[in-house]
Amino acid sequence: MIKITQLRKEFPAKDGVFTALHALDLEVARGEFFVLLGPSGSGKSTLLRCVAGIDIPEGGEMTLDDRLIFSSAKNVLVRPEDRGLGMVFQSYAVWPHMTVYQNVALPLTHGTRRIATGKVRDRVMHALSLVQMETYADRPVPYLSGGQQQRVALARALAVEPVVLLMDEPLSNLDARLREEVRHQILSVTKRVGVTVLYVTHDQTEALALGDRVAVMHQGRIMQIAPPNDLFNRPANATVAEFLGKVNWLDGSIAASGEINTSIGRIRAETAGLQGKVRVGIRPSSLQVSETSTGEANEFGATVGAEAFLGEQIELLLKLPGNTELELHAPRRARVRWLDKVVYCRVDASEVLVYQE
Ligand SMILES: Nc1ncnc2c1ncn2[C@@H]1O[C@H](COP(=O)(O)OP(=O)(O)OP(=O)(O)O)[C@@H](O)[C@H]1O
Ligand SMILES: [Mg+2]
């Protein structure tokens, strides 16, 4: 559906050129919800803007639905309005002097994607019903909440029946509760319509919750493309692992047995193909805590240096030998005071992340 090959985007910089996208390759399947995740400045919006035709790349090729929309070699550049896209951005970009209905109808009555006048009303009302806003059709847009305005923007993008829906941080202006609500709605509506989605966010929770697949971007490159579960459990490298959430890092070296020697002791993990110095990563949620030893592998004695009660979970800061500190997140059970206690922490070998140094 979306095929991007060797895409290169440069911007002028004071010391020459800055390469925002380095020969980037990407394929998104029909009907797929594809998320671009990465820190600020990693090139997510630039990539989206290239697909939209707002930014013009310096090199590479892009096809949408088997139609060539950009090629530097073949000198092809399809205008943004002729690419068949729907777009939703962070700012709702709805017209304040118009009603909900008028906003959604606008692209259907003006410009290159006009449809027959007699069909506009049905199309608008259908789009509004998809986002459950049909009862608000006559309301002026300023009298809507942020979440409702963003749903209008989504309805407007869907009303043109785009081949691809592009979204750039559409939830970031909403508060936490609304963000979750609109997030659910985006997922259910896009799946119901079957539209292919390219969605940009810097929020890993959002990416994992929404994406059929997620691409992690870093400095204008894609570091890994995987379904959310694989991405979280098997990050390709330490940068990706870190970007998906807090990781406790330890220096290690592979012993003859295949186990890893670290400052807290020997750790069992999957180390096939690794040798010498490695970086060992343990997520706070992969650590289990108990007051007595279970005698199993990968168990280490520790003292609780700090304790934070966060409602659904507790966070402990564990002090281990070698001046090592590990953060641990445990589900809240019967309230036990952990502070200053001597405890045991344990991690499953399958949950230890190991990267060659
Ligand atoms: N018009 C421009 N001129 C010069 N540099 C630009 C331009 N647009 C983007 N950049 C640079 O390209 C890089 C990527 O920017 P981009 O907006 O794609 O990042 P992003 O991943 O969307 O970040 P954010 O999460 O902050 O939105 C940044 O270093 C940015 O400064
Ligand atoms: Mg951006």
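Keep in mind it's a predicted model, so treat the numbers as computed, not measured.

(A) Molecular detail of the nonpolar core. In this structure, Leu165 and Tyr199 are the most contacted members of the largest nonpolar core, which totals 47 residues. Ranked by the residues each element gives to this core, the list is headed by helix α4 (residues 146–159), at 7 residues.

(B) Representation of the sheet that holds strand β12 (residues 248–254) in the model. Ordered by their spatial adjacency, 5 strands build an open sheet running β14-β13-β12-β15-β21, and the pairing between neighbours is antiparallel. Edge positions in the sheet fall to β14 (265–267) and β21 (353–356), since each has one partner strand and no second. On average, each strand axis in the sheet is inclined to that of its neighbour by 40°, with strand direction left out of account. The pairing of strand β15 (residues 277–282) with β21 spans 4 bridges and is classified as antiparallel. Across the sheet, Arg279 pairs through a bridge with Tyr355, a residue of β21.

(C) Summary view of the site of ligand 1. In the vicinity of ligand 1, the contacting residues are Phe11, Phe18, Ala20, Pro39, Ser40, Gly41, Ser42, Gly43, Lys44, Ser45, Thr46 and Glu169. Between Gly41 and ligand 1, the recorded distance is 2.8 Å, taken from a backbone N or O atom to an oxygen atom. Within the contact set of ligand 1, an oxygen atom lies 2.5 Å away from a side-chain nitrogen or oxygen of Thr46. When the free accessible area of ligand 1 is taken as 640 Å², the share hidden by the protein chains comes to 59%. For the shell around ligand 1, the secondary structure elements donating two or more residues are β2 (16–28) and α1 (44–52).

(D) A look at the environment of Leu24. Mapping Leu24 onto the fold places it in strand β2. A relative accessible area of 3% places Leu24 in the buried class. When near neighbours in sequence (up to four residues on either side) are disregarded, Leu24 contacts Ile4, Thr5, Gln6, Leu7, Leu47, Met217, Gly220 and Ile222.

(E) Region of interest: the domain arrangement of the protein. When cut into domains, the protein gives domain 1 (2–240) and domain 2 (246–356). Opposite the 7 residues of domain 1 that make contact, domain 2 presents 8 residues. For the pair domain 1 and domain 2, the summed buried surface comes to about 590 Å²; carbon and sulfur atoms form 50% of the total. At the surface where domain 1 touches domain 2, the tally comes to 1 salt bridge. Across the pair Glu270 and Arg234 runs a salt bridge, and its minimum N-O distance is 3.9 Å. Here the side of domain 1 that touches domain 2 is built from residues that sort into 4 nonpolar, 2 polar and 1 charged.

(F) The arrangement of the sheet that holds strand β9 (residues 196–201) in detail. Reading across the sheet, the 6 strands line up as β7-β8-β9-β3-β10-β11 and stay open at both edges, with mixed pairing between neighbours. At either margin of the open sheet sits one strand with a lone partner, and together these are β7 (85–89) and β11 (221–226). Each strand of the sheet is rotated relative to its neighbour by a mean of 15°, with strand direction disregarded. Two elements, strand β8 (residues 164–168) and β9, share 5 bridges in a ladder whose sense is parallel. Bridging from a neighbouring strand, Leu165 pairs with Val197 of β9. Strand contacts of α1: β3 (33–37), β7, β8, β9 and β10 (213–218), with the helix running at about 150° to β8, the strand carrying the most contacts. Sheet strands touched by α4: β7 and β8. Its angle to β7, the strand with the most contacts, is close to 170°.

(G) Inspection of the layout of surface pockets at higher detail. One number sums up the size of the largest pocket: a volume of about 480 Å³. Along its surface, the largest pocket is lined by 20 residues, and Leu85, Met87, Pro107, Arg113 and Arg156 are the ones closest to its centre. Taken together, the elements giving at least two residues each to the lining of the largest pocket come down to β7, α2 (100–109) and α4. If one sorts the elements of the lining of the largest pocket by residue count, β7 sits on top with 5 residues.

(H) Representation of the packing of α2 against α4 in the model. Closest axis-to-axis distance for the α2/α4 pair is 8 Å, and the angle between their directions is 25°. The pairing of α2 with α4 is recorded here as roughly parallel in orientation. Where α2 crosses over α4, the handedness of that crossing is right-handed. Taken together, the residues of α4 that come into contact with α2 (itself represented by Val100, Asn103, Val104, Pro107 and Leu108) are Val152, Ala155, Arg156 and Ala159. Along the lines of polarity and charge, the residues of the contact of α2 with α4 split into 7 nonpolar, 1 polar and 1 charged.

(I) How the structure looks around the side chain of Thr324. For Thr324, the location among the structural elements is in strand β19 (residues 324–331). Classification of Thr324 as buried rests on a relative accessible area of 9%. In this structure the side chain of Thr324 is engaged in a polar contact, spanning 2.9 Å, whose partner is the side chain of Ser263. Within polar-contact distance, the side chain of Thr324 engages the backbone oxygen of Pro321 at 3.1 Å. In this structure Thr324 touches Leu250, Ser263, Ile264, Leu318 and Lys319, once residues within four positions along its chain are discounted.

The rules we used
- Residues numbered from 1 in each chain as written.
- Chains lettered and ligands numbered in written order.
- Predicted model: local features only at pLDDT ≥ 70, side-chain atom pairs only at ≥ 80, totals over all residues.
- Heavy atoms only, no water.
- Core = buried A, V, L, I, M, F, W, Y, C linked by side-chain atoms within 4.5 Å.
- Buried < 20%, exposed > 50% of the residue type's maximum accessible area, 1.4 Å probe, protein only.
- Helix = DSSP H or I, 4+ residues; strand = E, 2+ residues; numbered from the N terminus.
- Pairing = 2+ DSSP bridges.
- Axes fitted to C-alpha atoms, helices over the stretch in contact; angles between N-to-C directions.
- Near = heavy atom within 4 Å.
- Polar contact = N/O pair within 3.5 Å; in protein donor to acceptor, adjacent residues only side chain to side chain.
- Areas by Shrake-Rupley, 256 points an atom, 1.4 Å probe, with all protein chains shown as cover.
- Contact = heavy atoms within 4.5 Å.
- Domains from an automatic or database assignment.
- Buried area = accessible area lost by both parts, 1.4 Å probe.
- Salt bridge = Lys/Arg side-chain N within 4 Å of Asp/Glu carboxyl O.
- Nonpolar A, V, L, I, M, F, W, Y, C, P; charged D, E, K, R; others polar.
- 1 Å grid on protein atoms, 1.4 Å probe; cavity = no way out; pocket = protein on both sides within 12 Å on 5 of 7 lines; lining within 4 Å.
- Points joined across faces, edges and corners; volume = space filled by probe spheres on them.
- Parallel < 35°, antiparallel > 145°, perpendicular 65-115°, else oblique.
- Left-handed = near helix turned anticlockwise from the far one by under 90°.

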